[in-house]
Structure formats: C-alpha cells, structure tokens
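Chain and residue survey
Spelled out from the first residue to the last, the chains are:
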Amino acid sequence: MSMENKEGPEKFSFLQEVIKEKPLNRKKLMQKAIGLAAAGILFGAFASISFCVFQPWFHEQINAEEEITIPKDEEPEEHPQEAKAEEEVKEPELTLENFKELERALYQVAAGANKSIVSVTSAGGDDNWTEEERKEGTGACGVIMPSNSREYLILTMTTAVRDAEKIQVTFGDGASCDATVRQKDEVLGLAVLAVDRNHVSDSTKSQIQEAVLGNSNMTYKGDVVIALGSPFGYSKGMGYGIISSNKNTVSVADRTYRLLDTDIPASKQGSGVLFNTDGEVIGFTFAADQAMDESSTLRVLAVSDVKEELEKLLNGNSVPYIGIVGTNVTDEIAEAQNLPKGIYVKEIEADSPGMAAGVQCGDIITAVDGDPVVTVKALHNKLLTFQPGDEVKLSAKRLGSEGYVDISYNVVIGGAEKK
C-alpha cells in the first residue's frame, strides 16, 4: 500500500490550533493603567520644562519689534536748475485754466499728504477734554512716521506733551486714541508718540497713511511746497508757497542744522510739516522757538539733516548730548583772527555733561577720542557713534597768558531727552 506525501491542512489537520490570549485580570489592567499614567506624567513634565526653558525665546521672537531704518540722503554735486541756466528755454504761454489745473493738482497732493497728519492733545491729571477738543484735536500737530507692525509712531513737539499725564492723538476722521511718549529730543524739540494699532478701528486705519520722508538736499530756491498741520496757529491748516532760501542754518547744542525758508505766513505758536509736490516730507516746524526767531514766514528744519536723529527716536533710543553750542573756525577766520582750527565754544549749556567736564566758553574743540573734528557737523556725527553713558575724551585748546595751550576733558555723554 503506497502513501503519497502531501502538505497542507488536509494532511496534518490534527496539528492545527488556535492560540488565544489569556484574558486580562484586574491586576494586569491596573499595571497597564499605571504605566500609561507614568508615561503621561513624564511627557507632561518634559513638555513643561521645555516650555519654561524656551518660552522667553519664543515670546521674544514673536513680539520683537522691527527696527526702523531711515537711509541718509546724499547731497547733489550741482543744482540741476543751475546746470541748465545757460540754456535758452522758451517759456510756454500760460492761461488761467493752466493755473486752475495747477491748483487742483496741488490740492490732490495735499489731500493725500494730509492722511499722515494728526492732532495731539495732552492734559494733566485733573484736566478733562471737551468733546469738541477731542474731535477737533486742538493741540499741536503730529505726523505719522514710518512705524512698526504693533504701533503707529507719531512725531510731534516736546512742548505739546511735556508734563502730560494723558495724551490723545486725533486722526483725520476725528477718531481719538490714547498715546504714550516713546522718546524725546529736547535739543530739537521733537517727541515720538506711540499708539497701539489694536486700539485703532479698521475704518480709521483705512484712511491713515504713513509719511514718506523726502530728500531736502534736492530742494531748491523757487520750488513749490505745501504746509500742513497747524503752522498758522490752528489745526487742519493748509498753505502753498515756494522755497525762498535754503542757505540759512540754526545752531543748537552739539549740532548745526540747515533751514528751509518759505514765503508762507506762519505763527510762532504753530507747528506743522512741509511737503514737496511729490507729497514727501522735507521739513518740520516743531522747533519753533529755535528756528522761527523773528521771522513771520514759515521756516523748517530740513529733514535730511535730522534723519539719523529720527531713526534713533523712532527705535526708542536716546540721541547723544554733551551741551556745546559752537561755531566753526574756518581757514579764513583762523588766519584773520589768529585762532586754531576747530569748534569755537560760544555757549555751554547749564548742567550739561560738557559743563560738568569743565568745558568753557572760548575753548576750541579739536578732537574726540583722538579723531580730529573741525566742524560742528563732524562733532555731531562722531557723537552719534556713542551711547549715553559712554565716556569720551575731548581735546581742545584754551587761551592762556602765553597763547593757546592744549587741554582735554573726559565727558560722560548724556541723552538729549534729559538735557
């Protein structure tokens, strides 16, 4: 009898079996539950420790403010109009309609630029604004500057917010929001205010426009300009005119700035902003007590001269200050009056870092930390490389019984917000 080798379940069915898991009892269930709970606790503890360690870094990254940068302007080598002065230009024949078109075009530019203008109202602790003051913004003028994603940054005059316990900014549509002082420069008379964007309604945001800073170095005598804000002593003013001069300057502590003079009537109590016909800011009238003098027409600080200071203020930083009001000893003056070249100290501000270091009127500053400085502008540019609290060595010459002698002072730089 023969047998065949066959594989498969039919041949060895007696070997087949089903393996069943042993049913879990209460003890094993408890062991599994405890194991899972322990793993959860370990995971939670690890997550909590990780959160505590990395939370400050994440918070810093999320809430980090973007640094605001304002590029410096280069000065042109030649006036473009003067370059063409010798060319014979045939003037077109103008009509009254041309003048009306010009007026309409200027108004359109002014209306767009006006979206960056606000009014600033401040009060002491016991003062209350009337509804009319709140809507009209009866205080000083302000201009919305290049800002970060969390706040609107507004430039105004320091006198408008000095000793104020509450400040409000009124936008073009009449909406008002609380503001805080971010930084000040008492030398320039400028202050930067911050308004939380979350406190500004969407309808107001839609009509807000940040100002564009122009190049005042490219502004020339005869150029048409627009004055906005309250240069006439009342809010929401608007005026047109031309640049009458771009050659005058004003000397303040540690600095000399160029002025743009116009033929636009102005009030000494006013504050405002000067725009070119491209709608760009070319000057500020905020430092009225320094720039106005006895002039009854609008004078502004040229924006290109203050861009480095504005960048510091917008980022919440102090502008370095030592308190020296000086004038340049040029080659001609040095030769005519037998003086050393440098910066002649006309005035040293009371309680300033310079006075504390021993700087006196009549001294001639020649170097800062060993680097020669022979102009006020060079001195200011050098100071901008330092921070308040830094100690620098000023080299100078002082007139003695036998002529000028070398002296030096160690000056601890202060901040212009506390001058």
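Scroll up to find the structure this text is about.
To start, this report covers the structure provided alongside it.

Once that is clear, we can look at the overall build of the protein chain. From N to C terminus, the protein chain includes 10 helices and 21 strands. Summarising the internal contacts of the protein chain: among those between residues at least 6 apart in sequence, 65% fall at separations of at least 24. By element, 51% of the accessible surface of the protein chain is carried by carbon and sulfur atoms, the whole surface being about 24,400 Å².

This part takes up the packing of aromatic side chains. Counted under the stated rule, the structure contains 2 aromatic pairs. Plain terms: the ring middles of Tyr-152 and Phe-171 are 6.3 Å apart, the flat faces sit at 65° to each other, and that makes the pair edge-to-face. A residue pair is termed long-range when its members are at least 10 positions apart, and Tyr-152 in strand 3 (residues 151-157) and Phe-171 in the loop between strand 4 (166-170) and strand 5 (176-185) qualify at 19 residues. Take Tyr-152 and Phe-171: they sit in the same class, and that class is buried. Considering the side-chain rings of Phe-232 and Tyr-234, the 5.9 Å spacing of their centres and the 40° angle between planes classify their relative orientation as tilted. Using a relative accessible area of 51% as the deciding quantity, one classes Tyr-234 as exposed. Over the ring of Tyr-152 we find Arg-197; its NZ or CZ atom is 4.1 Å from the centre of that ring.

For the rest of this paragraph, the subject is the pairing of strand 11 (residues 271-275). Extensive coverage of strand 11 is indicated by the burial of 5 of its 5 residues. Taking every second residue as pointing to the same face, both faces of strand 11 are buried, with Ser-271, Val-273 and Phe-275 on one and Gly-272 and Leu-274 on the other. Of the strand pairs in this sheet, strand 7 (residues 224-230) and strand 11 are connected by 5 bridges, and their pairing is antiparallel. If you follow Leu-228 over to strand 11, its bridge partner there is Val-273. The sheet contact formed by strand 11 and strand 12 (residues 281-284) spans 3 bridges and is antiparallel. Along strand 12, the bridge assignment pairs Val-273 with Phe-284. The loop that links strand 11 with its antiparallel partner strand 12 comprises 5 residues; one of these, Gly-279, has a positive phi angle of about 80°.

On to the pattern of salt bridges. Under the defined criterion, the tally for this structure stands at 11 salt bridges. Residues Arg-182 and Glu-151 are paired through a salt bridge, measuring 2.9 Å at the closest nitrogen-oxygen approach. Here Arg-182 is found in strand 5, whereas its partner Glu-151 is found in strand 3, with 31 residues between them in sequence. For Glu-151, a relative accessible area of 15% translates into the label buried. Taking the shortest distance from any N to any O, the salt bridge between Asp-305 and Arg-258 comes out at 2.6 Å. Placement of the pair is Asp-305 in the loop between strand 13 (297-302) and helix 7 (307-314) and Arg-258 in strand 10 (residues 255-265), with a sequence separation of 47 residues. For Asp-305, a relative accessible area of 19% gives the class buried. With a relative accessible area of 22%, Arg-258 lands in the partly exposed category. Counted as one network, the salt bridges with shared partners bring together Arg-162, Lys-184 and Glu-186.

Analysis parameters
- Residues numbered from 1 in each chain as written.
- Predicted model: local features only at pLDDT ≥ 70, side-chain atom pairs only at ≥ 80, totals over all residues.
- Heavy atoms only, no water.
- Helix = DSSP H or I, 4+ residues; strand = E, 2+ residues; numbered from the N terminus.
- Contact = heavy atoms within 4.5 Å.
- Areas by Shrake-Rupley, 256 points an atom, 1.4 Å probe, with all protein chains shown as cover.
- Phe/Tyr/Trp six-rings, centres within 6.5 Å; stacked < 30°, edge-to-face > 60°.
- Buried < 20%, exposed > 50% of the residue type's maximum accessible area, 1.4 Å probe, protein only.
- Lys NZ or Arg CZ within 6 Å of the ring centre and 35° of its normal.
- Pairing = 2+ DSSP bridges.
- Salt bridge = Lys/Arg side-chain N within 4 Å of Asp/Glu carboxyl O.

Keep in mind these numbers describe shape, not what the thing actually does.
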